[in-house]
Amino acid sequence: VWLLIALLAAIIAVVYYSTWVEPFRLGVTQQTYTTKKWRADAPPLRLLQIGDIHVERVTLRERYLNRLIDELKPDMIVFTGDFVNLSNTNDPESEKAIREIISEWRAPLGVYCISGTPLVEPLERVKAFTNGLDNLKLLPNQWFSLDTLGGRLNILGLVVTHDMAHDRALLKKMMLSAPKDGLHLLLMHPPDIAPEANELGIDLYLCGHTHGGQIRFPLIGAVFS
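Fair warning: this is a prediction, and the values are worked out from it, not measured in the lab.

J.: Got a sec to walk through unusual backbone geometry? Specific residues and values, please.
T.: Backbone geometry at D82 places phi at a positive 70 degrees, although glycine is not the residue there. Looking at the secondary structure, you find D82 in the loop between β2 (76-79) and α3 (92-102). Taking relative accessible area as the criterion, D82 reaches 3% and is therefore assigned buried. Phi angles above zero are rare outside glycine, and H209 is one such case at about 75 degrees. In this fold, H209 is placed in the loop between β8 (204-206) and β9 (215-217).

Okay, here's the thing in structure tokens:
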């Protein structure tokens, strides 16, 4: 009996933690990328990547996220897909909440975003989320170039299909029209085509989708993504 009680208590604790604790533990991971394509005497470009916010409503988590963004003061922001939760894809209240959150994202060099998993948020839904918001730019299979103190930055946003052959072919096609000069940054929701991106000349590939691993163990980390 005591073993059963202990097992039930452990299950309840895991459910409580995964619902009310872990989702609200937002953190910031800082990494440095050095490249010869950047002017050595230029200040670093502070780029903030956000992904997989899976919004249903505006809660303490979303308010904390936007406070963190304000505190970090990035030069530019990129969002790598999955604005909404699967069960709320077509919910008007969720759409309103998403627009409220992302309308506050601002950075001197702009905010750039792409759509996520098609089942979660078809491109048409993402267009509805971002329509009319002048603080950000949606990049559905297109390049956008801007000049920075370190040099030219060319951003490519791709719409994922999760059909590997299609996604690889799409990247190859888009690279045919890639700007010749500058740093090439790819935004795509999953990391699936990283080898092809490397071979085709992408300098930095930013993605989301794996949520840090769907199964993680203490100290060990992700064992399944």
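J.: Describe the nonpolar core, listing the residues and the values that go with them.
T.: I50, I53, I77, F83 and W105 are the most contacted members of the largest nonpolar core, which has 24 residues in total. Within the residue set of this core, elements represented by two or more residues are β1 (47-50), α2 (60-72), β2, α3, β3 (111-113) and α4 (123-130). The element that contributes the greatest number of residues to this core is α3, accounting for 4 residues. Among all residues touching W105, those that are not within four sequence positions of it are I50, I53, L65, N66, I69, I77, F79, V111 and N135.

J.: Describe in detail a negative patch on the surface, supporting the description with residues and values.
T.: A cluster of acidic residues, D70, E71, E100 and E104, forms a negative patch at the surface. Positionally, E104 belongs in the loop between α3 and β3.

J.: How would you sum up the sheet that holds strand β5 (residues 142-148)? Please name residues and give values.
T.: Ordered in space as β5-β6-β7-β8, the 4 strands form an open sheet in which the pairing is mixed. Each of the sheet's edge strands pairs with one partner strand only, and the pair in question is β5 and β8. With strand direction ignored, the average angle separating the axes of adjacent strands in the sheet is 20 degrees. In terms of strand pairing, β5 meets strand β6 (residues 151-157) through 7 bridges, oriented antiparallel. Within β6, the residue paired with L146 across the bridge is L153. Where helix α5 (residues 164-175) meets the sheet, it contacts β5, β6 and β7 (183-187), and its direction lies at approximately 50 degrees from that of β5.

About the criteria used
Residues numbered from 1 in each chain as written. Predicted model: local features only at pLDDT ≥ 70, side-chain atom pairs only at ≥ 80, totals over all residues. Heavy atoms only, no water. Helix = DSSP H or I, 4+ residues; strand = E, 2+ residues; numbered from the N terminus. Buried < 20%, exposed > 50% of the residue type's maximum accessible area, 1.4 Å probe, protein only. Core = buried A, V, L, I, M, F, W, Y, C linked by side-chain atoms within 4.5 Å. Contact = heavy atoms within 4.5 Å. Patch = residues over 30% accessible without salt bridge, like charges linked within 9 Å, V, L, I, M, F, W, Y side chains within 5 Å. Areas by Shrake-Rupley, 256 points an atom, 1.4 Å probe, with all protein chains shown as cover. Salt bridge = Lys/Arg side-chain N within 4 Å of Asp/Glu carboxyl O. Lys, Arg positive; Asp, Glu negative; His and termini not counted. Charge placed at Lys NZ, Arg CZ, Asp CG, Glu CD. Pairing = 2+ DSSP bridges. Axes fitted to C-alpha atoms, helices over the stretch in contact; angles between N-to-C directions.

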